[in-house]
Amino acid sequence: MSDDQEYRGVDDAPAPMEVPSDPEESLDAVREAALRAGLEEYELTEDDLAALAGEAPAETEAALPTLAVIGRPNVGKSTLVNRIIGKRLAVVEDTPGVTRDRVSYPAEWAGTDFMLMDTGGWEAKVQGLDLSVAQQAEVAIDMADAILFVVDATVGATASDEKVVKLLRRSGKPVILAANKVDGPQGELEAAALWNLGLGEPYPVSALHGRGTGDLLDAAVAALPTEMPEVEIDPEAPRRIALVGRPNVGKSSLLNQLAGERRVVVDETAGTTRDPVDERVEIGGRAWTLVDTAGIRRRVHMTKGADFYASLRTGAAIDRAEVALVLLDASQPLTDQDTRVISQVVDAGRALVLVFNKWDLVGEDERFLLERSIEQDLVQLPWALRINLSARTGWHTNRLVPAIDLALGSWDQRVSTGRLNSFLGELVAEHPHPVRSGKQPKILFGTQASTRPPRFVIFASGFIDPTYRRFIERRLRERFGFEGSPIQISVRVREKRKRR
């Protein structure tokens, strides 16, 4: 039995569907109706039905609640952050004071999305850099919706910990107490002593091994607000562009070229830029905000010193931007560093334009071979826009704005629920999901949950194979474009109603 036959049945719409006068619209409506048929047999929530019927919402962005990780130096805050987000993004060392800035990471637990803010260690009566770090931690407390207070259970509550407790009480924010470095029964006894801090139950955890982090996150998520205000998007605000790449690929030179003057320092020494530099420039008669960032080095060079902190701030600049121009040195082969920078932009969900700088240094005879090599290296990113230019001479820099506009247009693009389900209906009819272990999951319907980047939610009767998800993404791009923008596809499994 084909997918079309299996889904053919009573449509869940209460009224007969009007037949559009446009033949193409009529075909879309028929395909959508075929996909929607039989939905009443499945356990759908009110949110599911609202998503199916919904169209484009108002241009707003939902703010995520913030969970700040606070504690004195070297208690394992960054290790715990890495454990929660599931990636080694926060740098960890045995030396106290490695983290200095407030750095936020998107996180998720038990279906709740939130921002996790790593901070430097808080200490009282400090001067200089340590004072700045402590002040950053205090700012994080003010910004947060809930606090995850980390204490070293093997050391116990110190005088600094007790002063942090006073600071947290004055804030009035909900506090979850994490007793870290608990690796066994003896550690749990040491953690129990932290009841004396007066912050409620201490949760014994081992950030290094993951012990007890589930219970800790359950409590932390429960303390976060369930509703956050919607932030309206100002359509008149200048779009934010981050210039990123490994050191000495010409980011600052490109910024100066676009600005038409020497705005930032340029030197042949790699690593001249360390802090992100925001510059308001006018390109093509329009205002833009360009963020020049420090080059992202290899991990082995990021263990200490200013380069490491510059890289952290570069990641934050990518998160603040809307589109990233990833500069690559055309005169050299693509490196692992280049690939890691591109992955960081894609993981952050930002629009992407690949800029091959120093193209004027490539000989005419070498360019064809270089193009073939680039296509092979970037085979996983066929949707990324590419510009070949020279930041030093300005050659082909006029092609940047059209590419940025196209990438941002894709980043903002929304596909209506009707068009999306028509597309899915056609896709399922032509290429149904393969049978796995005697079962064939059916796509019930889909909707675009959000933009910036475009995120699609597909409701299905079973698990969708990753290869089939990639097939859906490729076909989505063939039909609707999305050049220069990553797209995200998630699947929600819905089971059939139980017969009574």
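Check the entry above for the structure.
Report on the accompanying structure. (Residues numbered from 1 in each chain as written. Predicted model: local features only at pLDDT ≥ 70, side-chain atom pairs only at ≥ 80, totals over all residues. Heavy atoms only, no water.)

### Things to note about the layout of surface pockets
Of the pockets and cavities examined, the second largest pocket occupies roughly 830 Å³. Every residue lining the second largest pocket is counted, 25 residues in all, and those nearest its centre are Gln380, Leu381, Trp383, Glu473 and Arg477. Of all the secondary structure elements, the ones that give two or more residues to the lining of the second largest pocket are helix 11 (336–347), helix 15 (466–480) and strand 17 (488–493). The element that contributes the greatest number of residues to the lining of the second largest pocket is helix 15, accounting for 6 residues. The residue makeup of the lining of the second largest pocket, split by class, is 11 nonpolar, 5 polar and 9 charged. (1 Å grid on protein atoms, 1.4 Å probe; cavity = no way out; pocket = protein on both sides within 12 Å on 5 of 7 lines; lining within 4 Å. Points joined across faces, edges and corners; volume = space filled by probe spheres on them. Helix = DSSP H or I, 4+ residues; strand = E, 2+ residues; numbered from the N terminus. Nonpolar A, V, L, I, M, F, W, Y, C, P; charged D, E, K, R; others polar.)

### A closer look at the nonpolar core
With 28 residues, the main nonpolar core has Ile241, Leu254, Trp288, Val323, Leu325, Val353 and Leu400 as its most contacted residues. The biggest single contributor to this core is helix 13 (residues 400–412), with 7 residues. Those residues within four positions of valine 353 in sequence are excluded, and the remaining contacts are Val323, Ala324, Leu325, Val326, Leu385, Ile387, Ala403, Ile404 and Ala407. Formed by 25 residues, the second largest nonpolar core is a distinct cluster that contains Val69, Leu80, Ile84 and Tyr203. (Core = buried A, V, L, I, M, F, W, Y, C linked by side-chain atoms within 4.5 Å. Buried < 20%, exposed > 50% of the residue type's maximum accessible area, 1.4 Å probe, protein only. Contact = heavy atoms within 4.5 Å.)

### Quick look at the pairing of strand 2 (residues 66–70)
Extensive coverage of strand 2 is indicated by the burial of 5 of its 5 residues. The alternating pattern of strand 2 places Thr66, Ala68 and Ile70 and Leu67 and Val69 on opposite faces, both of which are buried. Of the pairings in the sheet, the one linking strand 2 to strand 4 (residues 112–118) comprises 4 bridges and is parallel in character. Bridging from a neighbouring strand, leucine 67 pairs with leucine 116 of strand 4. Here strand 2 pairs with strand 5 (residues 146–152) via 4 bridges, running parallel. Bridge assignment links isoleucine 70 to a residue of strand 5, and that residue is phenylalanine 149. (Pairing = 2+ DSSP bridges.)

### What to know about the packing of aromatic side chains
Tallied over the full model, the rule gives 4 aromatic pairs. Centroid distance phenylalanine 423 to phenylalanine 480: 5.7 Å. Interplanar angle 70°. Geometry classified as edge-to-face. With phenylalanine 423 in helix 14 (residues 417–430) and phenylalanine 480 in helix 15, the pair connects residues that are 57 residues apart, well separated along the chain. Look at phenylalanine 423 and you get buried, because its relative accessible area is 3%. Judged by relative accessible area, which is 9%, phenylalanine 480 ranks as buried. (Phe/Tyr/Trp six-rings, centres within 6.5 Å; stacked < 30°, edge-to-face > 60°.)

### Here's the deal with unusual backbone geometry
A cis amide bond links arginine 452 to the next residue, proline 453, at an omega of 0°. Within the secondary structure, proline 453 is located in the loop between strand 15 (443–450) and strand 16 (455–460). Non-glycine residue asparagine 248 carries a positive phi angle of around 65°. Structurally, asparagine 248 can be placed in the loop between strand 9 (239–244) and helix 9 (251–259).

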